[in-house]
Structure formats: structure tokens, C-alpha cells
Amino acid sequence: MKRDPPGSKAPSAHLEGLGSSLMHTVRVWQVAPLHTRWTAMLPVRAGREEEARRLVAEALARNPDMGGGPPRNAIGLFEPGSGRRGPRFNLSDSAPLPPASLYLEFMPAGADMVYAQYALAQRILESAAPLIEDARWYAILTQCEDILDCWELTAGRLRYERHLTEEEQARELLQQLEPSLRGRLD
């Protein structure tokens, strides 16, 4: 496998080469509209909740995991006050969740080693982008090399940029790209 130079960028059209599920450790840091660790909380626009629920449910049903159920690590639905565990916030950030009655949650299973339905998450977010408020987050996928993906939802469109790095270099690159995360990449 040919390696790109540290910090090199890959094309941003699709997450090619990931297949439908790969074994990776996935770490996520959201920086806007709030700061979270392990997952990104993406507020659904008011009045678009039912459309978002339907879109996510249908996509997950069409792509079951190895056990036949919905994929555990792609996109989840989070409703505040629903009794399900909440996101893990950076303690130094005191901003509350932006007001929304529904959030799409990117990689809801957290950072444990799972079959990451990463390409499925991208397809769902591309379809749901017009339903979601603006947001920005980063994900590091670790296996034999570190991959840093920069994700952004702006004006109803999903954009991402992939950076391939040598092993253990993605965190350093992330701190260069996003100075607000310096000292927070535990």
C-alpha cells in the first residue's frame, strides 16, 4: 500500500476504500456548535425531525450489521430527556446543547473497537445535510496508520477532508488544524 506524506490530503468526494464496515478505533471531537468527545451531536432543524427520523431509520434498516440489527456505529438518533445516555462533553465547556428536539449522533458507539459503518454514516449525512444545523467535527481512525477526517455541515451541505498520516501523527496534525483542541485530545 502506497503511503501519502504525513498530513497529505485525499480527495473529498467520498470516503473511498473504507467499504461498508472496517475494524478501526474511531475517536471523535466536535468543535461546533458545541464541544463533545467520542461523538458529534448534530442538531436537526426545527420542523424537520420526522423527516430525519425516517431517513435514518430507513438507511439503517437497509444496511443491517452482522447480527441482522441496525448498525451500532454509524448514525444514531438522540432526543434530549429520552432516558438514553447523553453525549460526553468537555468539562471546560459550559455551553448547553443548542436547542433542538432531535440530534443525529455521528458514531454513537463511542471510541471502542467496533465495525465502524463509516461509509454508511457519510451517505446518511449527505442525504440528511439539508435537515441539520451547521456543525464541525473531526474523527481519527486508527489501525495501521492514522487517518484524520475533518467533517463540516454548512448551509445544508456536507463537506469533509481526509488527511493520511504516519502512525500516532493524526493528533498532532489535528492540534495544528484546530488550535482550540490543544491539550484536549485525551
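See the structure printed just above.
Described below are features of the structure shown in this document. Since the structure is predicted, the reported quantities are computational estimates derived from the model, not experimental observations.

## With respect to the nonpolar core
Counting 35 residues, the largest nonpolar core has Leu 42, Leu 104, Phe 106, Leu 125, Trp 137 and Trp 151 as the members making the most contacts within it. If you list the elements that add at least two residues to this core, you get strand 2 (22-32), strand 4 (40-43), helix 1 (49-62), strand 7 (103-106), helix 2 (118-128), strand 9 (135-142), strand 10 (146-154) and strand 11 (157-165). Of the residues forming this core, the biggest block, 6 residues, is contributed by helix 2. With near-sequence residues (within four places) excluded, Leu 125 lies in contact with Leu 42, Ile 75, Leu 104, Phe 106, Ile 132, Trp 137, Trp 151 and Leu 158. In terms of nonpolar packing, the next biggest core, distinct from the first, is built from 11 residues, Ile 140, Leu 148, Leu 173 and Leu 181 among them.

## Remarks on the packing of aromatic side chains
Applying the stated criterion across every chain, the model contains 7 aromatic pairs. Both rings, one in Trp 137 and one in Trp 151, keep their centres 5.7 Å apart while their planes meet at 5°; by these two values the pair is stacked. Placement of Trp 137 in strand 9 and of Trp 151 in strand 10 is noted, with a sequence separation of 14 residues between them. Owing to a relative accessible area of 1%, Trp 151 belongs among the buried residues under this scheme.

## Considering the pattern of salt bridges
The tally for this structure, following the rule as stated, stands at 7 salt bridges. Of the charged contacts in the structure, one is a salt bridge between Glu 51 and Arg 48, with a shortest N-O distance of 3.1 Å. On the accessibility criterion, Glu 51 (33% relative accessible area) is partly exposed. Owing to a relative accessible area of 29%, Arg 48 belongs among the partly exposed residues under this scheme. For Glu 79, the salt bridge identified is with Arg 53, shortest N-O distance 3.0 Å. Highlighted residues: Glu 79 in the loop between strand 5 (75-78) and strand 6 (88-89) and Arg 53 in helix 1, separated in sequence by 26 residues. A single salt-bridge network, built from bridges that share partners, covers Glu 50, Arg 53 and Glu 79.

## Observations concerning helix 3 (residues 170-177)
Each full turn of the α-helix corresponds to 3.6 residues, which orients residues three or four apart in the same direction. Turning to helix 3, its buried residues number three or more, namely Ala 170, Leu 173 and Leu 174. Projection of helix 3 onto a plane perpendicular to its axis shows the buried side chains occupying an angular sector of 105°, all on one side.

## Some thoughts on the environment of Ala 121
Residue position: Ala 121 is located in helix 2. Taking the C-alpha atoms as reference points, Ala 121 and Glu 105, 16 residues apart in sequence, are found 9.7 Å from one another. Beyond its immediate sequence surroundings of up to four residues, Ala 121 is in contact with Ala 74, Ile 75, Phe 106 and Met 107.

## Side note on the pairing of strand 9
Burial analysis of strand 9 places 6 of its 8 residues in the buried class, the great majority of the element. Inspection of the sheet shows strand 9 paired to strand 10 by 8 bridges, in the antiparallel sense. By the bridge assignment, Ala 139 is partnered in strand 10 with Asp 149.

Definitions and limits used
Each chain has its residues counted from 1, following the order in which its sequence is written. Under the rules for a predicted model, residues below a pLDDT of 70 receive no local features and side-chain atom pairs below 80 are neither given nor counted, while totals for whole chains, interfaces and linings still include all residues. Side-chain metrics in this entry use all non-hydrogen atoms of the structure; hydrogen atoms and water are not considered. Nonpolar cores were defined as sets of buried Ala, Val, Leu, Ile, Met, Phe, Trp, Tyr and Cys residues, with membership established by side-chain atoms within 4.5 Å. Burial here depends on accessible area, computed with a 1.4 Å probe over protein chains only, as a share of the maximum for the residue type. Under 20% is buried, over 50% is exposed, and the range in between is partly exposed. Strands here are runs of E lasting at least two residues and helices are runs of H or I lasting at least four, both read from the DSSP assignment and numbered beginning at the N terminus. In what follows, a contact means two residues having at least one pair of non-hydrogen atoms within 4.5 Å. Note on aromatic pairs: the rings of Phe, Tyr and Trp (six-membered ring only in Trp) are paired at centre separations within 6.5 Å, and the planes decide the class, stacked below 30 degrees, edge-to-face beyond 60, tilted for the rest. For this analysis, a salt bridge means a side-chain nitrogen from Lys or Arg found within 4 Å of a carboxyl oxygen belonging to Asp or Glu. Along the arc lie the directions from the helix axis toward the C-beta atoms. In this analysis, strands are considered paired if DSSP registers two or more bridges between them.

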